[in-house]
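# A look at the structure
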Amino acid sequence: MSDSACFHCALPVDPRDTYHVDIDGEQQPVCCPGCKAVAELIRDTGMSKYYAMREAPLPGVGRPADDAAEWDIYNSDDMVAAFAEGDDAEAEATIYVGGMYCAACSWLIETSMTRVTGIESADINPVTHRLRVKWLRDKVGLGGILATLANLGYDPQPLAPESAARPELLEQRAALKRLLVASLGMMQVMMFAIGLYAGDYQGMEPSMQRFLRWVSFAVTTPVVFYSARPFFTSAWRGLLARSPGMDLPVSIAVGSAYAGSVYATLTNAQAVWFDSVVMFVFFLTLGRFLEMRARHRSIDRSVALSNVLPNTVTLIDGDSQTTIPSNQLVAGNIVLVRPGESIPADGVMVDGTTSVDEALLTGEATPKPKSPGDELVAGSINLDGVIRLRVETTGADTTLGTISRLSERARYARPAYVQLADRVASYIVVAILVVAAVVGTYWTIAAPDRAFVITLSVLVVTCPCALALATPAAFAAAGTRLAQLRLLVTNGNSIEVLARSRRVLFDKTGTVTRGSPAIEHVELLDDDYDENRVRQIAAALETVSTHPIARAFALADNPVTATGQQVAVGLGVAGHVDGREWRLGRAAYVGIDGDVPGIYLGVDQHPVARFEVSDQPREDAARTIERLASLGLSSGLVSGDAEPAVRATAAELGIDSYHASCSPEQKLEIIRAIQERGESVVMIGDGINDAPVLAGADTSIALAHGAELAQTSADVLLVGESLAPVATAVQVSRGTLRVVRQNLTWAIGYNSLALPLAALGYVPPWAAAIGMSASSLIVVLNALRINRFGAS
């Protein structure tokens, strides 16, 4: 098969296309996304030998059909498994939507998707151009969803959950080509324009003037029909959807100026505007290119996370060692990890001693020592010794995969500010067109020779690009900055709530304390049992608990087994040992009257032992609470622990307000009482045991680790051991709203000033193009300042 033919279907490959597929270590060219997807599916299902054994196919055999049939292949179970997450009933996938240019595109896509039978939700991020869609598999297929997007005029590309492919790079290359054509065209046409302007003052032979006009026409034409094509496509798509976007006035301006110049060239009229056309397109394309580069930064962290995993691993099978792709690992495999290599999957170290660097995952710069029996997380770096790892979870189920998935989920968190901007975009465009029509009518009556140029300037200078970018650009930058601080925002409105909140409530165990409790003392209350026995029974009961205190009772080798355990949230855990009902928890839960401190173990409502458990505060807890106070936020402590322990922790951390012995219902009542006073409450807990309380707060932050990340539903997830990012999140949130207000003020002020000047004829078309593009760039660059907020 020649290099110019598709490796999969043998059709010729357009040299302008960049589709390739890795088959047996070699990059093979393919002609389209369909062939690429099929070839990757064949490869990933272990059937790469098909290509070696087959006869050379006839051109076109195996290529997905055009139109709707092109997308039907994505309805197969294998394709859904490769690109989506879910079960037999429903699935959820991320789709990169190429060809989006404005807020109206977001509205069109979401509206069209929600009208498709079987689609439960569709959330588009206008900043990263990614669509997160959830659907019922018996109602609609992935292929039908992709075909719907294609029929709208977009270029959809489903993204595999673990894929590190970046279709954004294809968008950047295409945009760069358009920018290059526009820049070269502008330079050439401006040189010709200088000659034409000189001729207007010094005189020029009519034949030379016609020659320069025709050459300008020849150079301008590819700029209009190639570089400016996205503007026309977006405008037409908005008209078909009856939701005109910001590209409609731009397209009218470019098309009118070009058509008027062509007419003037053909009829030898007095003036042409080829120079204004190419300058307008160049500055618009430059602004869009820089804006595109800025929004692509918001996915860099996810790409960085996915790139830390090794491509291959050393699998140990008895005495033999085999190198295999890391995506073939399964639970139970034993792998060898050498110094300097990254951990390929979540697992337990079974041999060797070392220290690992988890900075990319948790932000903790200090290496952590590890020994046999310790857990290791995918993406951390083995620094010292050669170790062996028993794989527990792989791929999307690892801590790294969960963080990436939550980061992906965070990018679709669209605050009320952004949704409002999307809704008003179409109305603003219609208003601009009405104003332009009124201005054009007036000048047609007052000065017909100036009507066209002035109307053109009005259309250009009032394009609401800056207004449309003012809010989403700021919130996208805020999400990126918070992700750098190990804060994953899953609810976009949480940024606004954090900015205006004045009250923060902390849980105690595992939140302001380390979450590594230890048993300090065991008091026996029944002479029939010794300390070793009660520890074993307690450890057996706690095996089902996710509460941080359960870690204090864990035993590596416990001969006692409990059955039928049940967790009573806020009280303790119960189960059966040797046919008798045992309980471990608060005194009243075990059968002791009164709220006395300590954790009690009892059998059949008879107390057997009392445990004193201590958990030291986090090193930066007091400093974080002090920083929150300096920002005007008061802190409180709500805990299910006994009053003496809560009081001591509150005093040590400088917290004046605390509530002890609280059940989850009582914690909710405390939050609601504060909310009834008109205050917004931020609740910070461990993410699982405090789930109902977190849901009741105005916004919530959960400290979660490993598998717990996937179980929590808090608005913001804090990955790592430090509480310091909480105060920084408040600073970033307040700075974000300040930037939004600055951007909106600038955009509205610019349009308010530029519109009357253009309507009065003081702004030529080329100046309008520069002003509009500069306004958009100012908004984007101002939003990017958020990336420096909260830096120490």
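All figures in this text were calculated on a predicted structure; none of them were measured in a lab.

Conventions and cut-offs
- Residues numbered from 1 in each chain as written.
- Predicted model: local features only at pLDDT ≥ 70, side-chain atom pairs only at ≥ 80, totals over all residues.
- Heavy atoms only, no water.
- Helix = DSSP H or I, 4+ residues; strand = E, 2+ residues; numbered from the N terminus.
- Buried < 20%, exposed > 50% of the residue type's maximum accessible area, 1.4 Å probe, protein only.
- Contact = heavy atoms within 4.5 Å.
- Areas by Shrake-Rupley, 256 points an atom, 1.4 Å probe, with all protein chains shown as cover.
- Core = buried A, V, L, I, M, F, W, Y, C linked by side-chain atoms within 4.5 Å.
- Phe/Tyr/Trp six-rings, centres within 6.5 Å; stacked < 30°, edge-to-face > 60°.
- Lys NZ or Arg CZ within 6 Å of the ring centre and 35° of its normal.
- Patch = residues over 30% accessible without salt bridge, like charges linked within 9 Å, V, L, I, M, F, W, Y side chains within 5 Å.
- Salt bridge = Lys/Arg side-chain N within 4 Å of Asp/Glu carboxyl O.
- Pairing = 2+ DSSP bridges.
- Axes fitted to C-alpha atoms, helices over the stretch in contact; angles between N-to-C directions.
- Parallel < 35°, antiparallel > 145°, perpendicular 65-115°, else oblique.
- Left-handed = near helix turned anticlockwise from the far one by under 90°.
- Expected span 1.5 Å × (residues − 1).
- pLDDT = per-residue confidence, 0-100.
- Polar contact = N/O pair within 3.5 Å; in protein donor to acceptor, adjacent residues only side chain to side chain.

Attention now moves to the overall build of the protein chain. Looking only at helices and strands, the protein chain features 29 helices and 29 strands. Here the protein chain holds 792 residues, and 52% of them are scored as buried. Pairs at least 24 apart in sequence give 67% of the contacts found in the protein chain among residues at least 6 apart. With an accessible surface of roughly 35,300 Å², the protein chain has 55% of that area assigned to carbon and sulfur atoms.

All right, on to the nonpolar core then. Formed by 53 residues in total, the largest nonpolar core has its most connected members in Val250, Val254, Phe280 and Met772. The biggest single contributor to this core is helix α11 (residues 274-296), with 10 residues. Excluding residues that lie within four positions of it along the chain, Val250 makes contacts with Phe231, Phe280, Leu284 and Cys463. Residues Phe506, Leu653, Leu737 and Ala783 belong to the second largest nonpolar core, which totals 43 residues.

What follows concerns the packing of aromatic side chains. For any two aromatic rings, the description comes down to two numbers: the centre-to-centre distance and the angle of the planes. In this structure the tally under the stated criterion is 10 aromatic pairs. Ring plane angle 20 degrees and centroid distance 6.3 Å describe the contact between Phe217 and Tyr258, whose orientation is recorded as stacked. One end of the pair, Phe217, is in helix α8 (residues 206-227); the other, Tyr258, is in helix α10 (residues 247-267), with 41 residues separating them in the sequence. Aromatic side chains Tyr442 and Trp443 sit 5.5 Å apart centroid to centroid with 85 degrees between the ring planes, which places their arrangement in the edge-to-face category. Tyr442 gets classed as exposed once you look at its relative accessible area, which sits at 52%. Geometry around Tyr589 places Arg583 over its ring, the cationic atom sitting 4.5 Å from the centre. The ring of Phe789 carries Arg738 above its face, with NZ or CZ at 5.9 Å from the centroid.

This part covers a nonpolar patch on the surface. A contiguous nonpolar surface patch, about 460 Å² in accessible area, is contributed by Leu753, Leu757, Leu760 and Tyr762. Its location among the elements puts Leu753 in helix α28 (residues 724-759). Take Leu753: its relative accessible area is 57%, and that puts it in the exposed class.

Bringing the side chain of Ser355 into the picture now. Following the sequence through the fold, Ser355 ends up in strand β12 (residues 354-357). The class of Ser355 is buried, set by a relative accessible area of 11%. Aside from chain neighbours lying at most four places away, what touches Ser355 is Pro367, Lys368, Pro369, Lys370, Ile381, Asn382, Leu383 and Asp384.

Turning our eyes to something else, we now look at the environment of Val682. Tracing the backbone through its elements, the reader meets Val682 in strand β27 (residues 681-685). Considered as a pair, Val682 and Leu505 are 177 residues apart in the sequence and their alpha carbons are 6.2 Å apart. Excluding anything up to four places from it in sequence, Val682 contacts Leu498, Ser501, Arg503, Val504, Leu505, Thr699 and Ile701.

Right, let's talk about the sheet that holds strand β20 (residues 563-568) for a bit. With antiparallel pairing, the 6 strands of this open sheet are ordered in space as β19-β24-β23-β22-β21-β20. Taken across any chain shown, the strands that pair with only one partner, and hence form the sheet edges, are β19 (518-524) and β20. Ignoring strand direction, the axes of neighbouring strands in this sheet form an average angle of 20 degrees. Here 4 bridges tie strand β22 (residues 580-585) to strand β23 (residues 599-603), and the two strands are oriented antiparallel to one another. Note on β23: the bridge partner recorded for Gly585 is Tyr600. Sheet strands in contact with helix α20 (residues 531-541) are β19, β20, β21 (572-577), β22, β23 and β24 (606-614), and its direction is about 125 degrees off that of β19.

A word on the packing of helix α17 (residues 465-484) against helix α29 (residues 765-784). With their axes 8 Å apart at the nearest point, α17 and α29 run at an angle of 15 degrees to one another. The pairing of α17 with α29 is recorded here as roughly parallel in orientation. Two packed elements cross with a definite hand, and for α17 against α29 that hand is right-handed. Judged by residue contacts, Cys465, Ala466, Leu469, Ala470, Ala473, Ala474 and Ala477 of α17 engage Met772, Ser775, Ser776, Val779, Val780 and Ala783 from α29.

Moving on to the pairing of β22. In this structure, β21 lies alongside β22, joined through 6 bridges in antiparallel fashion. Opposite Ala574, over in β22, you have Arg583 as the bridge partner. Once β21 ends, the chain turns through 2 residues before running back antiparallel as β22, passing Asp578 with a positive phi of about 55 degrees.

Let us look at α10. At 3.6 residues per turn, the α-helix brings residues three or four places apart onto the same side. Taking 1.5 Å of rise per residue, 21 residues should cover 30 Å, and α10 covers 30 Å from first to last C-alpha, within 8% of that figure. Within two residues after α10, Asn268 carries a phi angle of roughly 55 degrees, on the positive side.

Turning our attention to the pattern of salt bridges. Considering all chains together, one arrives at 16 salt bridges under this definition. Close ionic contact of Glu679 with Arg677 constitutes a salt bridge, the shortest N to O distance being 3.6 Å. Taking relative accessible area as the criterion, Arg677 reaches 54% and is therefore assigned exposed. Connected through shared salt-bridge partners, Glu85, Glu92 and Arg132 make up one network.

Let's shift gears to the sheet that holds strand β25 (residues 634-638). Ordered in space as β17-β29-β28-β27-β18-β25-β26, the 7 strands form an open sheet in which the pairing is mixed. The two strands at the open ends of the sheet, each matched to only one other strand, are β17 (487-489) and β26 (657-659). On average, adjacent strands in this sheet sit at an angle of 20 degrees to one another, irrespective of strand direction. Direction of pairing for β27 relative to strand β28 (residues 699-703): parallel, over a ladder of 4 bridges. Note that in β28 the partner of Met683 across the bridge is Ser700.

In this model, the protein chain carries an average pLDDT of 81, and 82% of its residues clear a pLDDT of 70 or more. Between residues 60-68, whose pLDDT stays under 50, and residues either more than four places distant or in other chains, the model counts 17 contacts.

For the rest of this paragraph, the subject is the packing of helix α18 (residues 493-500) against α28. The contact between α18 and α28 brings their axes to 8 Å, and the two run at 100 degrees. Considered as vectors, α18 and α28 are oriented roughly perpendicular to each other. On the side of α18, the interface is formed by Ile495, Glu496, Leu498 and Ala499, while α28 contributes Ala729, Val730, Ser733, Arg734, Thr736 and Leu737.

Mapping Thr728 onto the fold places it in helix α28. Only 3.3 Å separates the side chain of Thr728 from the side chain of Arg627, close enough to count as a polar contact.

Let us now look at the environment of Val97. Along the chain, the position of Val97 falls in strand β4 (residues 90-98). Non-local contacts of Val97, meaning those with residues more than four positions away in its chain, are made with Ile109, Ile124, His129, Leu131, Leu149, Tyr154 and Asp155.

The subject of this paragraph is the environment of Ser657. Relative to the elements of secondary structure, Ser657 occurs in strand β26. Each C-alpha atom, one on Ser657 and one on Ser635, is 7.3 Å from the other, the two residues being 22 residues apart in sequence. Looking at Ser657, its side chain comes within polar contact range of the side chain of Arg503, at 3.4 Å.

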